[in-house]
Structure formats: C-alpha cells, structure tokens
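If you want the building blocks of each chain, they are given just below.
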Amino acid sequence: MKVASVLLPLPLPEAFDYGVPDDWELGIGDHVVVPLGPRRVRGLVQEIREVTGSNRRLREIEERLDVPAVPPSAMAFLDWAARWTLTPPGEMAFLATRGLWSPPPRAERRLRRVAGRDPARPTEARSRALATLGDDEAASMADLARAAGVSAGVIKGLMDEGVLEVAEIQPALPFGVPDPEFSATQLSADQAAAARRLAGAIDSRTFAPVLLDGVTGSGKTEVYLEAVAHLLRQEPDAQVLILLPEIALTQALMRRIEARFGAPPAEWHSSVPPPVRRQVWEGVRSGEAHLVVGARSALFLPFRSLRMIVVDEEHDGSFKQEQGIVYHARDLAVARASQSQALVVLASATPSLETLTNAEQGRYDWVRLAARHGAAVLPDIDLIDLRATPPDKGRWLSPPLVEAMVETLAKGEQSLLFLNRRGYAPVVLCRACGERMTAPDSDSWLVEHRYTGRLVCHLTGFSMPKPSHCPACGAADSLVSIGPGVERIAEEAAERFPEARIEVFSSDTVPDAAAARDLVRRMTEGEIDILVATQAAAKGHNFPNLTLVGVVDADLGLKGGDLRAAERTFQLLIQAAGRAGRADRPGRALLQTWLPEHPVMQALKAMDRDAFTQAEGDGRRMMGLPPYGRLAALIVSSADAEALDRVCLDLARRIPTAERVEVYGPADAPLALVRGRRRKRFLVRADRDVDVQAYLRAWLAEFKVPASVRLRVDVDPYSFL
C-alpha cells in the first residue's frame, strides 16, 4: 500500500501517516484533506512511500485539493528551516501556503464588441462609441461613455441590440516580464568591476555567498541589479528574490527596478492586499514572477527556479522574526541559496559582525565599494559634547545643532533630525506620587503620543486617552512627560523655525506604503525643510537636497544589556549620517552625545569601521559570543506564577551535561510581565562548532509543557527583553 506523510498546521513534532487510495496520483507538496479525530484538516504531503506487510490500520486521505502543489525544492527548504529553528514542521510548511489561501482577485466586468454585429440605427454617437472601443478592446460602461463623449444611454442601447456584450476580464498580473536590455545603467569603474564579480558567481552555477560591502551612496543597488540583468540574459526563466528589512523601502526599489527592466516586480509583504498576494503566490509557483521584492516572509514563497537572492541592508535587525515562528531571514536566505545552488548577495554599508567574519575567513566572497558614486562624497561627522554645550532647559537641541540648522535653512537645503524613539515622550509619571504609567498587566511603559492625545504601549498595542488625574493617587493635572520622542523634537523645531516646513517620519505618522511613498516624494522634491524621523528614514532613501543630519540622542542605543548594542548603534548612526550629501552638495552629521569618549562615538567621528569591528570582535571572541560562539534562548511564560516556577525548576533539573556548553537561568526576563503573563528565560552559550539544535532537542525531548505554560525556542536570539 502507499502511505503519505502529511504535515498539518498544528504544533506537532512530526508528520502524520495516512493511506493513499489505490487509484490516486499523489506527489510531494500536494494539498490534501485528512481526518484528525472528528475533524477534517488541510495538510501538505511531505513524503510518499510504499509499505508492504504492515498490520497498521491507517485512515485514508479524504480529498486531494485542486490547487498548485508546493515545489519539492521549497518543501526541502521548509523541512530544513523547521529543524534549524526547532519549529513544528507543519507550522513551518504552512508559511509557504498562506498566499495560496487568500481570495483570488474578482473578475472585472467589461464591455467588448460582438464580432459581426452592427447597430440597426448607426447614429453618430453610436459610431463614435464603437470607434473608441475598437474591435479587440474592452472597457467599463462609464469609461467608454467618458472617452467617447456620449451618454450612458447610448452605450446601453448598443448593449440591448447585442452589439456590445459584458465579459468577465481577469485583472492583470501585478508584475511583468523584465527586459534586461530595457534601460542599461552607466556604472562607474568600481561598480562595473563589482558587477563582473557577481556575474562570475552567477556563471559558476553553484552556491555562491557574496558580501557586497559599500559605503552609503556607493551604488550597491545598481551593482546587484546589473547582476540580475546578467542572470536574465543567460537564463530568461530564472527567478530572483530581493529582501528588504522595511516595507517603507519597498516602493523606492520597485520604481528603480521598473525603470531598469521596464516592468514592475512582484511585491510581497503584509501591506499587499490578499487577492494580490494570491496572484503573486501563483506567479512565483508557475515561474511567471521573475523578480520578487519583499519582506522576510517572501523567503517562503514556492520558487521553482530560484537562482539569486539579495538581502539588502543585511545587518538590519528587522530581518529577525520575533513573533510566532522565530527565524532570521538573512541566515535562512543563505541556506535557501545553498540548497538551490544560487547566488546570495548580502549588501550593506555596515555589515553585521557575523557576515564580516564569514568574509574575512573566506567563507563568503567579499566585494567592496569604497567611494560614493559620481560627485557625491561621504559626510563629515562631528560630535557635540552635551556636557560642554547642553540644550537650554526644557529643550533637546543643543546650540551648535541649532546654529547648523539655521545655516542649512539659509542656504535652501534640508535637515534631518534623527531620534529612534516614537511618540512625544517615552515616560509619563506623576509628579505628586512618582507613579509611572505602564500598560495593564505589563512592565512596559506607556508612551505619550500628543498628536492623538493617547498613551500607547509599543509592545502590546494597548492604547488609552491621557487621563486628567493620576490613577494611583488621584492628583489632578499631575502627569508629566519625561524625555523626548520625535513628536516633541518636531514641536521644538517648529518653535525655533516657525517658517520651516516640518514633517515627522515614523511608523505612527506614516502607517502604510502609500503614506510613506508620498512623504518620501515630498522630501525628495524639496517640499519639506526639516524632517524629524526614526530609523524609518535612516536607510535606503536618497534625498538630493539633504545636507545636514542631526542625531538628537546618539547614546540611546548603547543602553541596556544587549550584546549587539554597540554594533547596532554604530550601524544605525552611520546609516542615518549617510543620508546627508548624497548629491553634488557636501553633507555633514552632528551627533549629540553625553559620552564623546565612548569607542563607538570615536569610531563614528573618525569613520573608522575597521577599528570598531576589530575592537568589538575581540571582545566577543574573548567571551565566546556570536559570531565566535553560539547562543540560544528558552522563553517560558505563564499567567500562573507558581506553574511557571514549577516548569522552570523541572527544566533546570533536565539540563543535559555537555562539553563546551553553558546554560544560564532561569531568570526573570527584563520585561518580566507582558499581557498578564510572567516570563523567565534560559540562555544557552556554546562554542561555535557545537550543534546547539541537537543539544536543545535532547533537553526538550521528553519534556511535556503544561497547557497553562508556553515555551518558545529562539536559536541565535537578537532580542534579550
């Protein structure tokens, strides 16, 4: 008999076996419906095998769904990803099918000419309408009447006579066929040399990981798009995936790709409407979608001929998925390229220490662009010592920064004030009793948003109007805002520069792709004088008239116990400073800091990335931390504090003994209470060559998690909250 192993979208450790009816043709990746207890559940076929002499009585698959199968190569990748992240394989597999179950786009009703039929009364208006439509075209009634300059009654008369008929027209695909010769880019000598290196890796037709390491404004995008063009010349059916860390960056890259190849790429992220996601999923599966630009989840699309992956801004922490299934898209992109024998390009002006180490040790090819493209030069970076020149009381912009902004505005140029903190103020407390406003059943502080008059928790999403009385002591008008967010900086800028056109760029003020596209356009066209922004504007954007970047709190990222705090701060501030001077006007960046002697600040001032990464790498190497060691975390949570303590104690008793592995905890997480659930963490540190996943499987193999407790595994954690 034939037996199929079927993955189910449930937290189960393995696939379930079902019998295959004798007359069925079934393949790996097919979608089926199977019985599970009293329910019928949709599943995905992982394996099919012949079994002889078995006494097992298996329930049979009940239905094979008539939808496109997931390609075997995609199934193999999903299986690997599940094992790497210790995710239930069924939950991982169904990441690749979410787009398939979106509703298809609705057909559009259009009018078209019926062949061989002419109107019985050919009036001038009717003749004009038919000439406007043509013999092979289709249009809506309203559009046809408007274009022909006739009334709706004229169109209806033609329909009544059978000269026009209503046809169901499927909407056009949201992507096109790219033409590598549509609009060639003039590359500099350095860019052309880099593009040739990538082309050589493509021609090898083997797995080729490449670090594309170029300073901000050096033209990395043009280089990898030229490599895409080379690939499409050699293999017209090839598929390319470009991953971006932020949805806000998608539209600018989509426009550049369409200008280069004459057709828009497929777009994949959470803001894409479900019917379009369905079209993109099916286009990727069929091979019609050649170029895909998307967020990290695009990595799980069912590519049939994936030959190149680009991870743009590869250092960005947004590539780490923290909720639901936990994974790092950069690491999984390298694995998927390896399985597909494809080129993977990791592009960044500030590569992660992990990627740099792989390049230094020869595991990745290393392609460098050391200068900006064209006449643009890198901005000068200076530190403003807030101990020597602090802001006025109740203000946040120091005198040197204000003076630089005055000069910039006088020259008709633009300024960017950068602060990676949303809202108006990060802390709201009572000056009568000292109560700090926090989200209900959570340790996270409420952030004041003055534009909306609400207090918001950015961790849980809780929101409430700002109360007039302290909820703890009842004092009236006692709640005060502590510290600045971007809204407060914009308020101060408006007071200092009342004639300036000021906008705020954050996820609160720019909630979707359309709003981001409009704001970027207005900034690019010079309709904004001062842009106050979080990291949403710190990467990927090119504002030709922006010559001054002021970093309001350069020390912000250095706080806390994150092992990557210094690295992230250096990367983010280099990226923010790099927005200045990207055209023919020189730029500069001023960093307000209370710690000008800090190694990060000194490295930023000197623009000496090598010195910073060397010092940072030495410290990590001494402690056996990534990339010279490995980390994994177990996060245990429960609304029942006693149950949480019992589970953690039981887990601690089961910690396996192994050489070159250390386990710390359980300890309260820094955010120990979230949405009413207490949280504790175990942290595993191991030498680089230790199989951490195998260690974790051995630890958790026989452990049964009670229903009241959740246990989440995070391999290579990026967040330590």
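Residues numbered from 1 in each chain as written. Predicted model: local features only at pLDDT ≥ 70, side-chain atom pairs only at ≥ 80, totals over all residues. Heavy atoms only, no water.

Student: I would appreciate a short explanation of the overall build of the chain in the present structure.
Tutor: Counting its secondary structure elements, the chain contains 19 helices and 32 strands. Against the compact-globule benchmark of 27 Å for 721 residues, the chain has a radius of gyration of 29 Å, which places it among compact chains. Overall, the C-alpha framework of the chain stretches about 90 × 80 × 65 Å when taken along its three principal axes. The 721 residues of the chain split such that 52% are buried. The long-range fraction of contacts in the chain, counting pairs at least 24 apart against all pairs at least 6 apart in sequence, stands at 75%. Summed over all atoms, the accessible surface of the chain reaches about 31,900 Å², with 50% contributed by carbon and sulfur. In the chain, 88 side chains carry a positive charge and 95 a negative one; their mean positions are 3 Å apart. (Helix = DSSP H or I, 4+ residues; strand = E, 2+ residues; numbered from the N terminus. Rg over C-alpha atoms; globule rule 2.2 N^0.38 Å. Buried < 20%, exposed > 50% of the residue type's maximum accessible area, 1.4 Å probe, protein only. Contact = heavy atoms within 4.5 Å. Areas by Shrake-Rupley, 256 points an atom, 1.4 Å probe, with all protein chains shown as cover. Lys, Arg positive; Asp, Glu negative; His and termini not counted. Charge placed at Lys NZ, Arg CZ, Asp CG, Glu CD.)

Student: What exactly am I supposed to notice about the pattern of salt bridges here?
Tutor: Pairing of side chains with opposite charge becomes possible as their charged atoms draw close. Taken as a whole and assessed by the stated rule, the structure comprises 54 salt bridges. Close ionic contact of E282 with R278 constitutes a salt bridge, the shortest N to O distance being 2.8 Å. Residue E282 and its partner R278 are located together in helix 9 (residues 274-286), separated by four residues, close to a single helical turn. The exposure class assigned to R278 is buried, which follows from its relative accessible area of 15%. Note that R620 and E616 form a salt bridge whose closest N and O atoms lie 3.3 Å from each other. (Salt bridge = Lys/Arg side-chain N within 4 Å of Asp/Glu carboxyl O.)

Student: Looking at this structure, how should I read the environment of S708?
Tutor: With respect to the helices and strands, S708 occurs in the loop between helix 19 (692-700) and strand 32 (709-715). Sequence-wise, S708 and A639 are 69 residues apart; in three dimensions their C-alpha atoms are separated by 7.4 Å. With residues near it in sequence (within four places) discarded, S708 still touches S637, S638, A639, A643 and R677.

Student: Which parts of the structure should I look at to understand the packing of aromatic side chains?
Tutor: For any pair of aromatic rings, geometry is given as the distance between the ring centres together with the angle between the planes. In total, this model carries six aromatic pairs according to the counting rule given. Where W80 meets W84, the ring centres are 5.3 Å apart and the plane angle is 10°; that geometry is what we call stacked. Remark: W84 and W80 occur in helix 1 (residues 72-85); sequence separation between them is four residues, near one turn of the helix. When its relative accessible area of 22% is taken as the criterion, W80 is described as partly exposed. Overall, W84 belongs to the partly exposed group, its relative accessible area being 27%. Considering the side-chain rings of F300 and Y327, the 5.1 Å spacing of their centres and the 85° angle between planes classify their relative orientation as edge-to-face. (Phe/Tyr/Trp six-rings, centres within 6.5 Å; stacked < 30°, edge-to-face > 60°.)

Student: What's the story with the state of the cysteines in this structure? I'm lost.
Tutor: Two cysteines form a disulfide when their sulfur atoms are joined by a covalent bond. A complete count under the given rule lists zero disulfides for this structure. Not part of a disulfide, C430 finds its nearest cysteine sulfur in C470, a span of 3.7 Å. The closest cysteine sulfur to the non-disulfide-bonded C473 is located on C433, 3.7 Å from its own sulfur. We classify C473 as partly exposed; its relative accessible area is 41%. (Disulfide = S-S within 2.5 Å.)

Student: Can you help me understand the sheet that holds strand 16 (residues 343-348) in this one?
Tutor: Pairing is parallel across the open sheet formed by seven strands, whose spatial order is 11-12-10-13-16-9-17. With partners counted over all chains shown, the strands left at the sheet margins are strand 11 (266-268) and strand 17 (365-369), one partner each. Along the sheet, successive strands turn relative to each other by an average axial angle of 20°, direction set aside. Of the strands in this sheet, strand 10 (239-243), strand 11 and strand 12 (291-294) are in contact with helix 9, which crosses strand 11 at around 120°. Contacting strand 10, strand 13 (306-312) and strand 16, helix 10 (residues 329-340) runs over the sheet at an angle of about 160° to strand 13. (Pairing = 2+ DSSP bridges. Axes fitted to C-alpha atoms, helices over the stretch in contact; angles between N-to-C directions.)

Student: I would appreciate a short explanation of the sheet that holds strand 2 (residues 16-19) in the present structure.
Tutor: Backbone hydrogen bonds are what pair the strands of a sheet, in a parallel or an antiparallel way. Spatial strand order, 2-1-4-3-5: five strands in an open sheet with antiparallel pairing. Unpaired on one side and paired on the other, strand 2 and strand 5 (63-64) mark the two borders of the sheet. The pairing of strand 3 (residues 31-36) with strand 4 (residues 39-50) spans six bridges and is antiparallel. Looking across to strand 4, one finds that H31 is bridged to L44.

Student: Sorry, what's going on with helix 9 here?
Tutor: Since the α-helix advances by 3.6 residues per turn, residues separated by three or four positions end up pointing in the same direction. Taking 1.5 Å per residue as the helical rise, helix 9 with its 13 residues ought to reach 18 Å, and the 18 Å between its terminal C-alpha atoms agrees with that figure. Within helix 9, the full set of buried residues consists of R277, R278, Q279, V280, W281, G283, V284 and R285. On its buried side, helix 9 packs onto strand 10, strand 11 and strand 12. Directly after helix 9, the chain includes G287, whose backbone phi takes a positive value near 90°. (Expected span 1.5 Å × (residues − 1).)

Student: For this particular structure, what's the right way to read the pairing of strand 3?
Tutor: Across a regular strand the side chains alternate sides, sitting on one face of the sheet and then on the other. The buried count for strand 3 comes to six of six residues, which makes it a mostly enclosed element. Sheet topology note: the strand 3/strand 5 ladder contains two bridges and is antiparallel. Across the sheet, residue V32 finds its bridge partner in strand 5, namely R64.

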